[in-house]
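Read off the chains here:
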Protein chains: 6
Amino acid sequence: MPCSTLPIPTFPPPESESDESWVWNQIKAEAHRDAESEPALASYLYSTIISHPSLARSLSFHLANKLCSSTLLSTSLYDLFLNTLSTFPTVLSASVADLIAARHRDPACVGFSHCLLNFKGFLAVQTQRIAHVLWSQSRRPLALALHSRVADVLSVDIHPAARIGKGILLDHATGVVIGETAVIGNNVSILHHVTLGGTGKAGGDRHPKIGDGVLIGAGATILGNIRIGAGAKVGAGSVVLIDVPPRTTAVGNPARLIGGKEKPSVHEDVPGESMDHTSFISEWSDYII
Amino acid sequence: MPCSTLPIPTFPPPESESDESWVWNQIKAEAHRDAESEPALASYLYSTIISHPSLARSLSFHLANKLCSSTLLSTSLYDLFLNTLSTFPTVLSASVADLIAARHRDPACVGFSHCLLNFKGFLAVQTQRIAHVLWSQSRRPLALALHSRVADVLSVDIHPAARIGKGILLDHATGVVIGETAVIGNNVSILHHVTLGGTGKAGGDRHPKIGDGVLIGAGATILGNIRIGAGAKVGAGSVVLIDVPPRTTAVGNPARLIGGKEKPSVHEDVPGESMDHTSFISEWSDYII
Amino acid sequence: MPCSTLPIPTFPPPESESDESWVWNQIKAEAHRDAESEPALASYLYSTIISHPSLARSLSFHLANKLCSSTLLSTSLYDLFLNTLSTFPTVLSASVADLIAARHRDPACVGFSHCLLNFKGFLAVQTQRIAHVLWSQSRRPLALALHSRVADVLSVDIHPAARIGKGILLDHATGVVIGETAVIGNNVSILHHVTLGGTGKAGGDRHPKIGDGVLIGAGATILGNIRIGAGAKVGAGSVVLIDVPPRTTAVGNPARLIGGKEKPSVHEDVPGESMDHTSFISEWSDYII
Amino acid sequence: MPCSTLPIPTFPPPESESDESWVWNQIKAEAHRDAESEPALASYLYSTIISHPSLARSLSFHLANKLCSSTLLSTSLYDLFLNTLSTFPTVLSASVADLIAARHRDPACVGFSHCLLNFKGFLAVQTQRIAHVLWSQSRRPLALALHSRVADVLSVDIHPAARIGKGILLDHATGVVIGETAVIGNNVSILHHVTLGGTGKAGGDRHPKIGDGVLIGAGATILGNIRIGAGAKVGAGSVVLIDVPPRTTAVGNPARLIGGKEKPSVHEDVPGESMDHTSFISEWSDYII
Amino acid sequence: MPCSTLPIPTFPPPESESDESWVWNQIKAEAHRDAESEPALASYLYSTIISHPSLARSLSFHLANKLCSSTLLSTSLYDLFLNTLSTFPTVLSASVADLIAARHRDPACVGFSHCLLNFKGFLAVQTQRIAHVLWSQSRRPLALALHSRVADVLSVDIHPAARIGKGILLDHATGVVIGETAVIGNNVSILHHVTLGGTGKAGGDRHPKIGDGVLIGAGATILGNIRIGAGAKVGAGSVVLIDVPPRTTAVGNPARLIGGKEKPSVHEDVPGESMDHTSFISEWSDYII
Amino acid sequence: MPCSTLPIPTFPPPESESDESWVWNQIKAEAHRDAESEPALASYLYSTIISHPSLARSLSFHLANKLCSSTLLSTSLYDLFLNTLSTFPTVLSASVADLIAARHRDPACVGFSHCLLNFKGFLAVQTQRIAHVLWSQSRRPLALALHSRVADVLSVDIHPAARIGKGILLDHATGVVIGETAVIGNNVSILHHVTLGGTGKAGGDRHPKIGDGVLIGAGATILGNIRIGAGAKVGAGSVVLIDVPPRTTAVGNPARLIGGKEKPSVHEDVPGESMDHTSFISEWSDYII
């Protein structure tokens, strides 16, 4: 059966199994299937997945080899990543939630292993989670070095001090910039080229706060210590400078609320999960001359 | 004579010669000239171009060395690329058309070898062509691994299932995202940060269809299974959510047609070839307060 | 003391010391402090900074290791960079001004060494300065090869012919595109995803001219041979196709002047230095429905 | 079944099969077995053996990755090796004979794949065969570059002009030196640290000629254009400066014939195949005080 | 104080400390001293020693980076080495004994860190110890892959099945060959180019057995399942084919016992520890014409 | 003209030219010739030779790329080598003398560039010369790190404290070991596997002193603080434990003087230059039974 037509596995896993062990078993099964059908990729799949006894080791190995440089060796990074994942199990459980999020929300994601190996947004977020632990331990130069490697290698720039929830999907991810005091809730989906930026030169709390279940479209720029309420949606290419209430939709440059500032339309679904990018078009098209 | 002032060579080539052999001869001549004038680059030019007996080998070598990683070795990629180019000659003839397109349309392109070696858009498209062959052969995990390498190394994210014509110019190219069911015609020019994106979580045919000769300006976001008609133009930074008729111009966020929805202005030239980004300004400036 | 809470050192340096030696001493002091507190990073800090007798060698080493590839070796790049910096001292003094600019304008910049090692915008600009020297010496293929390496490795695409002043901050920097005939004054700050682009296929002088002290927000697209006057500000996500007068603010797509075309508001500060991204919101919000 | 206890496969192969395809099938079967039992090695076995469609490609890949350097890229070597093996099938058939020789003569050789992957003597001889082809084509600088890479990487120094038969075993191989005008027959076994050296500064035919079936013990030094007759044996540590008749044994420093110069003992077996290093001890022990 | 004139530290360590922790503290102290006095080496010393919390990690890191190849990645080797050292503490205690042996017996060894980082004999033996564990666990293909890497990288060829005691010094080490069924006791010193070889094609127990405290001089060749008695000495360049009694000296090609076969001279010291290579000269010189 | 048949250039160079510039011009001419005739090697020749403005830079580049490792970067080594060669011109003039020696004495040396690029003995000696400078400056840990890299990469082990003259040829070179207090005069030729070793555990002056013009044959072992007189010859495989008078020949294990201890034969030529390895055979053959 061609891999892209495999059914999405039933979720949640059987009660007897943790999410982590269930996802890791799926990943290994996918890797075995692909290694068998594609000899040219088998070496890659064995080294990145099949040879490892746990998701923590596989992820540490893969990130270390992606992010190493001639002056930051893969063995050192591997050690650092594995130690952090072993000591802080919530980091790995957030990774598992991210894998599940990608598999459920992105129709182009054909498997958990596809996400683990190939999604730069996924890899960037996991590295940020590790860097955030280091930042919290006052190991800031090391956290910033990881920040820099991800910005170079994956073109995703998330400050290690940012606080990020679980079940995050950074789709495509190139060009995402998330600033130092940004906060992102759970089950948020963010497309590529999105900026959660600051207001200028002054320090302090100066970046956006993104509620649970928010969807932010490609190229949206959100600036300043403002709130994007839970379940809100920000249209592609929008420039948002003021708060967006929960479950409303902001679009345009500058962004306006669909339905008007006073009585904005409120949607029922959770866009960060439904990934509905464009249902507002009919309403918005009133503005299209 | 400084290389950037060399005249653009007469095209098409003399009838006795194929485009491919003519372009390859130009590339080798440029590389010889540059190796002679710049010893610090000679080693690079010999290894990437002069030492190879054909464009297919030179391109395979260059891509393999750009895209390899510690877990995907250059020798394996070289083999894969060369085999694909040898078996599917239309891939290489499309590459040749792309080289000619870059040389003719981009005033900053000072030679075919410049494009072959340095243009990340060119290299990303050629890799996608190879990945598309693999995708069509149901070698999807391998196609997706190439997809991922290009997204990491070149920050260009083109799904291997997308169908792409000939004579394509991805100018600057950083941040371009092209989704799974997108279709792009011939002689299309696309600037950096352009998105041909989907509408959300549902699978199926969900990405834009771009006609022949279209020009899409920097940072434009085009979402959903909509049509950008042949010879249309999309202004920089536009957010396009509805069809754009042939030979019309859409600009703004949300995008509107120059001349109005009912009776849009129609231009004569083929913007994907003329690369005229800004002639609509006088008309559009009516909207500028 | 956690590194991020160190006070910004008094500037200018004592009169007895040049900016360069003062900044280099700061960098070494930071690196020593960080190497001591973080053994996992000490090797990196020794190889990139502490082992070098001068800023020129440290920068050449770091750039060479970042930008090298299997066909452009680090030793060759190191030699090229060091020779250029030794022969053209104004390049290094501009680098020093850029380091000071980043330290003073970016609240997330916790030290000079942080910028030197980690800021892709800083590293991209320094490489462009070197490539610009080569371009001016008619060593164009080599200049374009460096251009290409920076576009690949850092996702920053600055043509080597562009003319760039001192005290430049490219913040975050991913996706910045600056064309061949662009000119940028002193003390300019440019955020990520900014385009200073051309008008199309014709050669000649076709890119923007940016005055001293300008601030260009994230994702702004400025096209054509237009002037952004000294001290002007361009809002995030704006698409600018016409001149912007000095000390005025242009926002939106297409961009409009805050205060109106006829009598735009004029601000007193120098936004390229003050980094005030969002003070125009109250005025602009009139346009937000 | 532990791999080292696998029976040596019956040889010769069934008549319907060539030696090459039979050996290649054995190698793949061994690699599959080992990849299954040892996940930590699976990636290595897939990349070096299982992913390749032929012995020629597997050998070219493995040699290219072993012998490449920062200035001689693996892709270039792979291309060179594969082209040579494809054009000169006798090189590959000699390689097959060498694999069979190692498997049959060396009790520490637990499989054909063991020899292909791990025996530096085997890899050195195959590279010399390729370099010898290049030498014969007057591509001498390239042949000497390969010669140098093998001397560095494997510490085996065989001049590309030397003529070498089939069924050669260089056991352990470190330190073997074989000069420009040396000739080695078929089914010869040579231990480590053996020198087939010249007589000095004068050019011309100045190195030893080794007959079929000869065995040369560890550390033996054979100097000058002398003949070691077919089936002769040279004891470990011997220094041989004069001809050794067929099927006799020379030992000591300087080497003397077992049985005396006038009427040396003649043995029945072929020592290059029987690998009997020490049966002369009883006779020689007469000299041991 | 120049490093080479540092006094050899008092040994054994204070009773309160284990050998391992005492040696590891010495190593770190030496590395700190050298990093301070030699900035050009500080990065190397931090990455190989100072950044590690234990000797096991430092040794695993150093070996992994020495022995990795493009198809056997450093991260995989690091993991394998560290796991083995953690699970089998006797391996590490043997390594510590080897470090102490080198420091005490080799006047050119200026510190424990010198041996840990630079002595190829030390590094080869430690890898063999790890490979021997794998061999004993029937992970033979992996053990043989390590065997091969050491033979390539260090030119030391010790079969993973060989059994080797503690306090071993392989001085210089290039070219040492030790066969599958060889056994080496404790406190043995072996110079470079020494062979402990087999007798031929037959399998089974066919390599030498070396008693405790033996010294084997450079280039000695010892062949067959013979015994070199405890405290015996084998002169440089000797070819030994018969047993050598305890505390006697064998020299020459073929080797003879000093003092004669019937009543060999017996020495009092333990040559493997005293490293007295040449005291037999006066006796032997009787044979020198 | 095939390269190996090029006449040896007349030497000494014309009076108007220094040896160094004359040899460097020869090297560049050879490299140009070979790059032209062999495209597959052109990249290598440009990067190692043709792109460099001086022999010092070419040699520093080549050694740095050969000897670098993942923890000792090529750029750092390049800097170190170039600085040393620039500050101590006698090191480079000794290198030039070594190149001339190889070209004149070794019939297999087909050009100066052949020696510069490929002769591991040449490269090992030049690195030792640099390490010796560092040793003399009390930069011993760095000197020992270079020592170790050469021992690993080239299997040549020369202690940095050894004092070595000019015009040295280490032919083949694998396995050469030269101890800490050894001294080697000018115009000495040493074959592979030669040991100049110590007497044991005691420090102090304990290694051989080799006079001018000495030739030491393959595998000879010379132990202790003894003198090999000027113009003496040591036969292959000899074990020398006592002084050898000038212009005499020592052979055998243990070594005896040709002609007898009391009245040894004296030769007229300088064997280190004439490279006459075997002329003593007729005399020696008296000992061959």
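None of the values given here were measured: they were computed from a predicted structure.

K.L.:
Can you help me understand the relation of the copies chain A and chain D in this one?
P.N.:
Superposition of the two copies of the chain requires a rotation about an axis and a shift along the axis. You can overlay chain A on chain D at an RMSD of 0.0 Å; the transform is a turn of 180° with a shift of 0.0 Å along its axis. Here the symmetry operator amounts to a two-fold rotation axis. Taking C-alpha positions as the reference, the residue of chain A nearest the rotation axis is Ser-43 of chain A, at 2.0 Å. The overlap is high: 100% of the interface residues of chain A also sit at the interface in chain D, so the same surface is used on both sides.

K.L.:
I'm lost on the sheet that holds strand β5 (residues 183–184) of chain A in this one. Help?
P.N.:
Sheets are built from strands that pair by backbone hydrogen bonding, the pairs being arranged parallel or antiparallel. All names here are of chain A. Ordered by their spatial adjacency, four strands build an open sheet running β2-β5-β8-β11, and the pairing between neighbours is parallel. Two strands close off the open sheet at either side, each with one partner strand: β2 (163–164) and β11 (227–228). With two bridges connecting them, β2 and β5 associate as parallel partners. By the bridge assignment for β5, Arg-163 is matched with Val-183.

K.L.:
Help me out: how do you make sense of the environment of Pro-53 of chain A in this one?
P.N.:
With respect to the helices, strands and loops of the structure, Pro-53 of chain A is situated in the loop between α2 (39–50) and α3 (55–67). Along the sequence, Pro-53 of chain A and His-192 of chain A sit 139 residues apart, while their C-alpha atoms lie 33 Å from each other.

K.L.:
Just to check I follow, could you spell out the sheet that holds strand β2 (residues 163–164) of chain D for this structure?
P.N.:
Spatially, four strands are ordered β2-β5-β8-β11 (chain D) in an open sheet, and the strand pairing comes out parallel. Each edge of the sheet is formed by a strand with only one pairing partner; in this case those strands are β2 and β11 (227–228) of chain D.

K.L.:
What is the right way to look at the interface of chain A and chain D in this model?
P.N.:
When the parts of a complex come together, some accessible area is lost, and that lost area is often taken as the interface size. Facing eight residues of chain A, the contacting portion of chain D comprises eight residues. Residue composition of the side of chain A that touches chain D, grouped by class: five nonpolar, three polar and no charged.

K.L.:
What's the story with the interface of chain F and chain D in this structure? I'm lost.
P.N.:
Facing 44 residues of chain F, the contacting portion of chain D comprises 43 residues. Examining the composition of the side of chain F that touches chain D, we find that five residues originate from one element, helix α2 (residues 39–50) of chain F, more than from any other.

K.L.:
Looking at this model, I keep getting lost on α2 of chain F. Mind explaining?
P.N.:
Think of an α-helix as turning once every 3.6 residues; residues three or four places apart then point the same way. Across its 12 residues, α2 of chain F extends only 14 Å between first and last C-alpha, which sits more than 12% below the 16 Å expected from 1.5 Å per residue. Most of α2 of chain F sits inside the fold, with 11 of its 12 residues counted as buried.

K.L.:
Sorry, what's going on with unusual backbone geometry here?
P.N.:
The bulk of non-glycine residues show a negative phi, and the bulk of peptide bonds are trans. A cis amide bond links Asn-253 of chain A to the next residue, Pro-254 of chain A, at an omega of 0°. Its location among the elements puts Pro-254 of chain A in the loop between β14 (249–251) and β15 (256–257). Despite not being glycine, Asn-187 of chain B has its phi angle at roughly 55°, a positive value. Mapped onto the secondary structure, Asn-187 of chain B falls in the loop between β5 (183–184) and β6 (189–191).

K.L.:
So what exactly am I meant to see when it comes to the environment of Phe-112 of chain F here?
P.N.:
Residues and elements named next belong to chain F. Position of Phe-112 among the secondary structure elements: in helix α6 (residues 112–118). You can call Phe-112 buried: it has 25 C-beta atoms within 10 Å. Along the primary structure Phe-112 and Ala-230 are separated by 118 residues, whereas in three dimensions their C-alpha atoms are 27 Å apart. Setting aside its immediate chain neighbours within four residues, Phe-112 contacts Val-23, Gln-26, Ile-27, Glu-30, Leu-99 and Arg-103.

K.L.:
Would you explain the domain arrangement of chain A in this entry?
P.N.:
All names here are of chain A. If you check the domain split of chain A, you get domain 1 (1–155) and domain 2 (162–289). The partner domain 2 presents 15 residues to the 15 residues of domain 1 that form the contact. Contributing elements (two or more residues each) for the side of domain 1 that touches domain 2: α5 (89–105) and α7 (120–136). A class-by-class count of the residues in the side of domain 1 that touches domain 2 yields seven nonpolar, three polar and five charged.

K.L.:
How do you make sense of helix α3 (residues 55–67) of chain F when you look at a structure like this?
P.N.:
Residue and element names in this part refer to chain F. Its 13 residues give α3 an end-to-end C-alpha distance of 18 Å, which sits within 8% of 18 Å, the value for a rise of 1.5 Å per residue. Burial analysis of α3 places 12 of its 13 residues in the buried class, the great majority of the element. For α3, the complete set of buried residues consists of Leu-55, Ala-56, Ser-58, Leu-59, Ser-60, Phe-61, His-62, Leu-63, Ala-64, Asn-65, Lys-66 and Leu-67.

K.L.:
Is there a simple way to explain the packing of helix α1 (residues 19–37) of chain B against helix α5 (residues 89–105) of chain B in this structure?
P.N.:
Packed helices, taken two at a time, are described by the angle between their axes plus the distance between the axes. Residues and elements named next belong to chain B. Close contact between α1 and α5 brings their axes to 10 Å; oriented N to C, the two are set at 55°. Regarding the angle of α1 to α5, the classification is oblique. Helix-helix and strand crossings are classified by hand; for α1 and α5 the assignment is left-handed. From α1, Asp-19, Glu-20 and Val-23 reach across to α5, where they touch Leu-92, Ser-93, Val-96, Leu-99 and Ile-100.

K.L.:
I would appreciate a short explanation of the relation of the copies chain F and chain D in the present structure.
P.N.:
The transformation that overlays chain F on chain D combines an axial shift of 0.0 Å with a rotation of 120°, and the residual RMSD is 0.0 Å. On this basis, the relationship between the two copies can be described by a three-fold rotation axis. When the interface residues of chain F are mapped onto chain D, a mere 11% of them again fall at the interface, so the copies present different faces.

K.L.:
Sorry, what's going on with the environment of His-172 of chain A here?
P.N.:
Within the secondary structure, His-172 of chain A sits in the loop between β3 (169–171) and β4 (177–178). On the basis of neighbour counts, which here come to 26 C-beta atoms within 10 Å, the residue His-172 of chain A falls in the buried class. Not counting chain neighbours up to four residues away, the residues in contact with His-172 of chain A comprise Gly-121, Leu-191 and His-192 of chain A together with Asp-157 and Val-177 of chain B.

K.L.:
Just checking my understanding: could you explain the packing of helix α2 (residues 39–50) of chain D against helix α8 (residues 140–154) of chain E for this structure?
P.N.:
One can describe the packing of α2 of chain D onto α8 of chain E by two numbers: an axis separation of 9 Å at closest approach and a directional angle of 60°. Crossing of α2 of chain D against α8 of chain E: the hand is left-handed. Of the residues in α8 of chain E, those touching α2 of chain D at Ala-40, Leu-41 and Tyr-44 of chain D are Pro-141, Leu-142 and Ala-145 of chain E. The residue inventory of the contact of α2 of chain D with α8 of chain E, partitioned by class, reads six nonpolar, no polar and no charged.

About the criteria used
- Residues numbered from 1 in each chain as written.
- Chains lettered and ligands numbered in written order.
- Predicted model: local features only at pLDDT ≥ 70, side-chain atom pairs only at ≥ 80, totals over all residues.
- Least-squares fit on C-alpha atoms with pLDDT ≥ 70 in both.
- Contact = placed C-beta atoms within 7 Å.
- Pairing = 2+ DSSP bridges.
- Helix = DSSP H or I, 4+ residues; strand = E, 2+ residues; numbered from the N terminus.
- Nonpolar A, V, L, I, M, F, W, Y, C, P; charged D, E, K, R; others polar.
- Expected span 1.5 Å × (residues − 1).
- Buried ≥ 20, exposed ≤ 12 C-beta atoms within 10 Å, placed from the backbone.
- Domains from an automatic or database assignment.
- Axes fitted to C-alpha atoms, helices over the stretch in contact; angles between N-to-C directions.
- Parallel < 35°, antiparallel > 145°, perpendicular 65-115°, else oblique.
- Left-handed = near helix turned anticlockwise from the far one by under 90°.

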